[in-house]
Amino acid sequence: AGGYGCFAHVIFEPPEAQAVRTDYPQEMLERGFLAGPAIYPTLAHNEGHVADYGRAIDEVFALIGKALAVGDLKKRLKGPVAHAHFRRLN
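Read on for an overview of the structure. (Residues numbered from 1 in each chain as written. Predicted model: local features only at pLDDT ≥ 70, side-chain atom pairs only at ≥ 80, totals over all residues. Heavy atoms only, no water.)

### With respect to the side chain of threonine 22
Here is step 1 of the chain: In this structure, threonine 22 sits in helix H1 (residues 17-30).
Here is step 2 of the chain: Look at threonine 22 and you get buried, because its relative accessible area is 13%.
Here is step 3 of the chain: Of the polar contacts made by the side chain of threonine 22, one reaches the backbone oxygen of glutamine 18; its length is 2.8 Å.
Here is step 4 of the chain: Beyond its immediate stretch of four places on either side in the chain, threonine 22 contacts Leu77, Pro80, Val81 and Ala82. (Helix = DSSP H or I, 4+ residues; strand = E, 2+ residues; numbered from the N terminus. Buried < 20%, exposed > 50% of the residue type's maximum accessible area, 1.4 Å probe, protein only. Polar contact = N/O pair within 3.5 Å; in protein donor to acceptor, adjacent residues only side chain to side chain. Contact = heavy atoms within 4.5 Å.)

Shown next as structure tokens:
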């Protein structure tokens, strides 16, 4: 194999890992980023894009950290906690 992997990969650990995995993209979307646990910048991204993303992720991690500290993370979700694994729904 060759080439380059992702720039960064975020791993959320228990006990509320799945709720964090649900809240993280929700919060990033509110800041204009469609985000998942891996970041793959390309040549189309400039320093401004990376800086904007960095500020957004800092804000989101701070909010999630505070929510975990006070125990209200699940109350912040706009929907149910995301499924942990792919499976048939019917």
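### Here's the deal with the packing of aromatic side chains
Here is step 1 of the chain: For the structure shown, the criterion picks out three aromatic pairs.
Here is step 2 of the chain: Ring plane angle 55° and centroid distance 5.6 Å describe the contact between phenylalanine 12 and tyrosine 24, whose orientation is recorded as tilted. Taken together, the residues phenylalanine 12 in the loop between strand E1 (8-9) and H1 and tyrosine 24 in helix H1 connect sequence positions twelve residues apart.
Here is step 3 of the chain: Taking the relative accessible area as the measure of exposure, tyrosine 24 reaches 1% and is therefore buried.
Here is step 4 of the chain: Geometrically, the ring pair formed by tyrosine 24 and phenylalanine 61 is stacked, given 5.7 Å between the ring centres and 20° between the ring planes. Separated by 37 residues along the polypeptide, tyrosine 24 in helix H1 and phenylalanine 61 in helix H2 (residues 47-70) bring together distant segments of the chain.
Here is step 5 of the chain: Overall, the relative accessible area of 33% leaves phenylalanine 61 in the partly exposed class. (Phe/Tyr/Trp six-rings, centres within 6.5 Å; stacked < 30°, edge-to-face > 60°.)

### Overview of the layout of surface pockets
Here is step 1 of the chain: There is about 260 Å³ of room inside the largest pocket.
Here is step 2 of the chain: Every residue lining the largest pocket is counted, 14 residues in all, and those nearest its centre are Ile39, Tyr40, Pro41, His45 and Tyr53.
Here is step 3 of the chain: Counting only elements with at least two residues in the lining of the largest pocket, the list comes to strand E2 (38-39) and H2.
Here is step 4 of the chain: Take the lining of the largest pocket: its biggest share by element is four residues, from H2.
Here is step 5 of the chain: Looking at the lining of the largest pocket residue by residue, the classes come out as ten nonpolar, four polar and no charged. (1 Å grid on protein atoms, 1.4 Å probe; cavity = no way out; pocket = protein on both sides within 12 Å on 5 of 7 lines; lining within 4 Å. Points joined across faces, edges and corners; volume = space filled by probe spheres on them. Nonpolar A, V, L, I, M, F, W, Y, C, P; charged D, E, K, R; others polar.)

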